[in-house]
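# Structural features, examined
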Amino acid sequence: MEKTLSLHPATHGNQMALPEVPKLSETRKARMLNMHLIRGMRFSWRYDLPKVNPYIGEVPEHFIPFNCALTSKDYDCGVHFFIDDYQFERIWNSPERYLDFLKKFKCVTSPDFSLYANMPFPLQVYNTYRNRLLTVWMQKNGVNVLPSVSWSDELSYRFSFEALPMYSTVVVSTTGAMASDNSRRLFRNGFIEMCRCLSPLNIIVFGKRLDPLVEELLHGRGGMYVFKQMQYGRTR
């Protein structure tokens, strides 16, 4: 027999009784937050972010956005998530549904849940957690995942690079990062901080070219960084 929640709270004497809330099973509660995915993971010390493994495979010549991959017959490529969040929120809501599908491609980037400087700090941490959790879970289940790195402003450095591997190939996006002097400054400073924290072997760049100052700084470090500019394809 199903239990319904009354919108009209009962009263007992002079006290108002709160409506009885149906209890959720532990399994259902865990799945609502994808806590069932964390089994066997290692976590960082500060924000308890799942620790991502480095990517050591080859990088495909081209990538297609996740929303286009769903109807694509070409699996000889990578899949990226540098599209509007609503286009891939489904992978957070039903991760198991897409696991075997994503295994068909050469590799995928980490789901890139957005970080904005004007977004409340806890939401930025939450989106970073979702990035790390899905990345590690897919890695553990046979998907080749390129770690994606995102940040907003200097305050986000507290968590933006946490639990990511050092000396790995990583991927970044310049979407919206070249729109104004301030956004270019935020991207430039975060990019340099990422390189300092992670010492990536290769950096895959989606979108427009990097700020000339960033390119100059990186090329001056002995050619350690390899840049590839990927096409976004259809995003809507």
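Details of the structure are given in the entry above.
Residues numbered from 1 in each chain as written. Predicted model: local features only at pLDDT ≥ 70, side-chain atom pairs only at ≥ 80, totals over all residues. Heavy atoms only, no water.

### Structural notes on the environment of Phe159
- Among the structural elements, Phe159 can be located in helix 6 (residues 157-160).
- Classification of Phe159 by relative accessible area gives buried; the value is 0%.
- The sequence separation of Phe159 and Tyr47 amounts to 112 residues, and the corresponding C-alpha distance is 7.1 Å.
- Excluding anything up to four places from it in sequence, Phe159 contacts Tyr47, Leu49, Leu115, Phe121, Gln124, Val125, Thr128 and Arg132. (Helix = DSSP H or I, 4+ residues; strand = E, 2+ residues; numbered from the N terminus. Buried < 20%, exposed > 50% of the residue type's maximum accessible area, 1.4 Å probe, protein only. Contact = heavy atoms within 4.5 Å.)

### A few points about the nonpolar core
- One finds Leu102, Val149, Trp151, Val172, Phe191 and Met194 to be the most contacted residues of the largest nonpolar core, which totals 47 residues.
- The set of elements that each furnish at least two residues to this core consists of helix 2 (66-69), helix 3 (89-93), helix 4 (95-103), helix 5 (121-140), strand 7 (169-173), helix 7 (181-198) and strand 8 (202-206).
- Not counting chain neighbours up to four residues away, the residues in contact with Val172 comprise Phe82, Val149, Trp151, Phe187, Phe191, Met194, Ile203, Ile204, Val205 and Phe206. (Core = buried A, V, L, I, M, F, W, Y, C linked by side-chain atoms within 4.5 Å.)

### Section: empty space enclosed by the protein
- Scanning all chains against the criterion turns up one cavity of 30 Å³ or more.
- Reported here for the largest cavity is a volume of approximately 70 Å³.
- Considering the residues around the largest cavity, the lining is formed by Asp112, Phe113, Leu115, Asn127, Thr128, Asn131, Arg132, Ser148, Val149, Ser150 and Ser160.
- For the lining of the largest cavity, the element with the highest residue contribution is helix 5, accounting for four residues.
- Broken down by class, the residue content of the lining of the largest cavity amounts to three nonpolar, six polar and two charged. (1 Å grid on protein atoms, 1.4 Å probe; cavity = no way out; pocket = protein on both sides within 12 Å on 5 of 7 lines; lining within 4 Å. Points joined across faces, edges and corners; volume = space filled by probe spheres on them. Nonpolar A, V, L, I, M, F, W, Y, C, P; charged D, E, K, R; others polar.)

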